[in-house]
Amino acid sequence: MISAKRCQSFLLGAAVLATSLPALATGDSQGGPAIRQLNLQAPVTKIAEDIYSLHNLMLGICLTIFVIVFGVMFYSIIAHRKSVGHKAATFHESTSVEIAWTVVPFIIVILMALPATKTVVAMKDTSSPDLTIKVTGMQWKWGYDYLKGEGEGISFLSTLATPRTQIGAPGVLPTEARTDNYLLEVDNPVVVPVNKKVRLITTANDVIHSWTIPAFGVKQDAIPGYVRDTWFKAEKTGVYRGQCVELCGKEHAFMPIVVNVVTEEEYKNWVATKKKEMAAKADDPAKVWTLDELKQRGEKVYAANCVACHQATGKGIPGAFPALEGSAVVTGPKAAQIGILLNGKNAMPAWKSTLSDTEIAAVITYTRNSWSNKAAENLVQPAEVLAARK
């Protein structure tokens, strides 16, 4: 009776939840996982093809061993059972059997190790790339710097594009239907040309992250204080998706990776457009901004870089990330807050290499004039940030 009542309660709760939640994604993710997918994603690089073949080979070998071993075992049990008159053998050891069960596994290991070693060696061959990109993991976004090759000098942050209205929050249901690329979409995807060798240099500025694109056969940890590298050469244009696969904190699920593989002509056009955008955003630090201008600019910077830790309400996360509302740093002398944003403190990363002087000035001004904050020194100009860098 108790179990029946519990079952009824469970079904009722599930029904209520199902009717209150927005519809979940019903289609395959473009370049990402597919519905009812039972195998690896379709490979688009030579390394991914080799990994796929190795996967099938290893499964085949394991299945063969399983069938042979259990086939012999069950045959022996059934055909030589006592009920049909068989008696247990009395021999103690057999040299032939011992040689066989030593030689056969050795041969199997060699058959598995040779192709695996060949693939692992190829995975580590990052020589002669056409393009080199530095990938920096941070809580909870990715930073990309094009270091060598066409597009050198391009730099941007890539953050989750799925709106919070689709995600919800602890105790708060989402209010918008989720799309096919839920949690697998970004505002600034990586763009690379097809059939070009791309070397990735990975690192991190806070905790360990891991850059992964299954269709490329790439998974490389990004470790603070260390530089690792990997590579890929996509042989087919398209959009390919991945995620950070190293548990890196509470927003770990919100670090997607999107790579657009385009034709060489399309890549040249993207490089030209991106460089124009960067030049337009390169604000003159000597420009004097009004309070409203800085607050509007700062709100966007805060939403892209700070909201995950300090929350949209500015109250932070108790025990993990401090509140900005009512903070002595935010409401006190502005020099201290400028120094923290430039150089970092505790879990706060150093933003001096990621954000411009104008962006830092804007986000500081925004926090000093938001929520219940009414700081005496309520406005920071880019020139002040530039002076603090020196």
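Provided above is the structure to which this section pertains.
Here, residues in each chain are numbered from 1, in the same order as that chain's written sequence. This being a predicted model, a pLDDT of at least 70 is required before a residue's local features are given, and a value of 80 or more before pairs of side-chain atoms are given or counted; all residues contribute to the totals for chains, interfaces and linings. The basis for every side-chain value is the complete set of heavy atoms in the structure, and neither hydrogens nor water enter the calculation.

Moving on to the overall build of the protein chain. In DSSP terms, a helix is any run of H or I states spanning at least four residues, a strand is any run of E spanning at least two, and both are numbered starting from the N terminus. Counting its regular elements, the protein chain contains 11 helices and 10 strands. Relative to its length of 390 residues, the protein chain is extended, with a C-alpha radius of gyration of 28 Å against a globular reference of 21 Å. The dimensions of the protein chain, computed from C-alpha atoms along their principal axes, are 100 × 70 × 40 Å. Only carbon and sulfur atoms are counted for the fraction: they give 62% of the accessible area of the protein chain, which is about 22,400 Å². When charges are counted, Lys and Arg contribute as positive and Asp and Glu as negative, whereas His and the chain ends are disregarded. Every charge is mapped to an atom, namely NZ of Lys, CZ of Arg, CG of Asp or CD of Glu. The positive charge centre, built from 40 side chains, and the negative charge centre, built from 34, are 6 Å apart in the protein chain. Taken over C-alpha atoms, the radius of gyration is set against a globule rule of 2.2 Å times the number of residues to the power 0.38. Areas reported here follow the Shrake-Rupley algorithm with a probe of radius 1.4 Å; residue values treat only the protein chains shown as occluding.

Ring geometry is summarised as follows: Phe, Tyr and Trp rings, the Trp one being its six-membered ring, pair when their centres sit within 6.5 Å, and such pairs are stacked at plane angles under 30 degrees, edge-to-face over 60 and tilted between the two. Evaluated as defined, the whole model comprises 14 aromatic pairs. Seen in terms of ring centroids, Tyr146 and Phe156 are 6.2 Å apart; in terms of plane orientation they differ by 40°. Their pairing is tilted. In this pair, Tyr146 sits in strand E2 (residues 141-148) while Phe156 sits in strand E3 (residues 155-158), placing the two residues 10 residues apart along the sequence. Here Tyr146 matches Phe156 in class, with each residue buried. A centroid spacing of 6.4 Å and a plane angle of 85° characterise the contact between Phe156 and Trp270, whose relative ring orientation is edge-to-face. Here Trp270 lies in helix H5 (residues 264-281) and Phe156 lies in strand E3, a separation of 114 residues in the sequence. Summarising the burial analysis for this pair, Phe156 and Trp270 share the class buried. Classification of residues uses two cut-offs on accessible area relative to the type maximum, computed with a 1.4 Å probe and protein chains only: under 20% is buried, over 50% is exposed, and between them is partly exposed.

A word on empty space enclosed by the protein. A cavity here means a set of points on a 1 Å grid, drawn over the protein atoms and nothing else, where a 1.4 Å probe fits but cannot get out; a pocket is an open set with protein on both sides within 12 Å along at least five of seven lines, and a residue lines either one if it has an atom within 4 Å of a point. Grid points are joined across faces, edges and corners, and a volume is the space filled by probe spheres set on the points. Under the counting rule described, the total for this entry stands at one cavity of 30 Å³ or more. Approximately 40 Å³ is the volume found for the largest cavity. In terms of lining, the largest cavity is formed by Ile47, Met123, Phe216, Gly217, Val218, Thr230 and Trp231. Three classes are used, and their members are as follows: Ala, Val, Leu, Ile, Met, Phe, Trp, Tyr, Cys and Pro are nonpolar, Asp, Glu, Lys and Arg are charged, and the others, Gly among them, are polar. Grouping the constituent residues of the lining of the largest cavity by class yields five nonpolar, two polar and no charged.

In this section: the sheet that holds strand E9 (residues 238-243). Strand order in the open sheet formed by three strands is E4-E10-E9, with mixed pairing between adjacent strands. Here the strands that pair on one side only, and so sit at the sheet edges, are strand E4 (190-193) and E9. On average, adjacent strands in this sheet sit at an angle of 25° to one another, irrespective of strand direction. With four bridges connecting them, E4 and strand E10 (residues 256-262) associate as parallel partners. Bridging across to E10, Val190 finds its partner in Val259. Whether two residues are in contact is decided by their heavy atoms, any of which lying within 4.5 Å being enough. Angular values range over 0 to 180 degrees, each being the angle between N-to-C directions of two axes fitted as lines to C-alpha atoms, with helices fitted over their stretch in contact. Sitting on the sheet, H5 is in contact with E4 and E10, with an inclination near 135° to E4. One requirement defines pairing of two strands: DSSP has to find at least two bridges between them.

Turning to unusual backbone geometry, a few remarks are in order. In the segment running from Gln139 into Trp140, the intervening peptide bond is cis, with an omega of -5°. Locating Trp140 in the fold gives a position in the loop between strand E1 (131-138) and E2. Of note, Ser128 is a non-glycine position whose phi angle comes to about 50°, a positive value. Turning to its location among the elements, Ser128 is positioned in the loop between helix H3 (95-123) and E1. Under the relative-accessibility criterion, Ser128 is labelled exposed at 63%. Positive phi outside glycine occurs at Asn195, with the angle close to 60°. Among the structural elements, Asn195 can be located in the loop between E4 and strand E5 (198-204). The exposure class assigned to Asn195 is partly exposed, which follows from its relative accessible area of 42%.

A few words on the pattern of salt bridges. The salt bridge definition used is simple: a Lys or Arg side-chain nitrogen within 4 Å of an Asp or Glu carboxyl oxygen. A complete count under the given rule lists nine salt bridges for this structure. In this structure, Asp229 and Arg199 form a salt bridge, with 3.1 Å as the shortest nitrogen-oxygen distance. Of this pair, Asp229 sits in strand E8 (residues 228-232) while Arg199 sits in strand E5; the two residues are 30 residues apart in sequence, bridging distant segments of the chain. Classification of Asp229 as partly exposed rests on a relative accessible area of 23%.

Moving on, we come to the packing of helix H9 (residues 334-343) against helix H11 (residues 382-389). Between H9 and H11, the least distance of the axes is 10 Å, while the angle of their chain directions is 65°. When the axes of H9 and H11 are compared, the crossing they make is right-handed. Residues Lys334, Ile338 and Leu342 of H9 touch H11, and the partners they reach there are Glu384, Val385, Ala388 and Arg389. Working rule for handedness: look at the near helix, and if it is turned counterclockwise from the far one by less than a right angle, call the crossing left-handed; if clockwise, right-handed.

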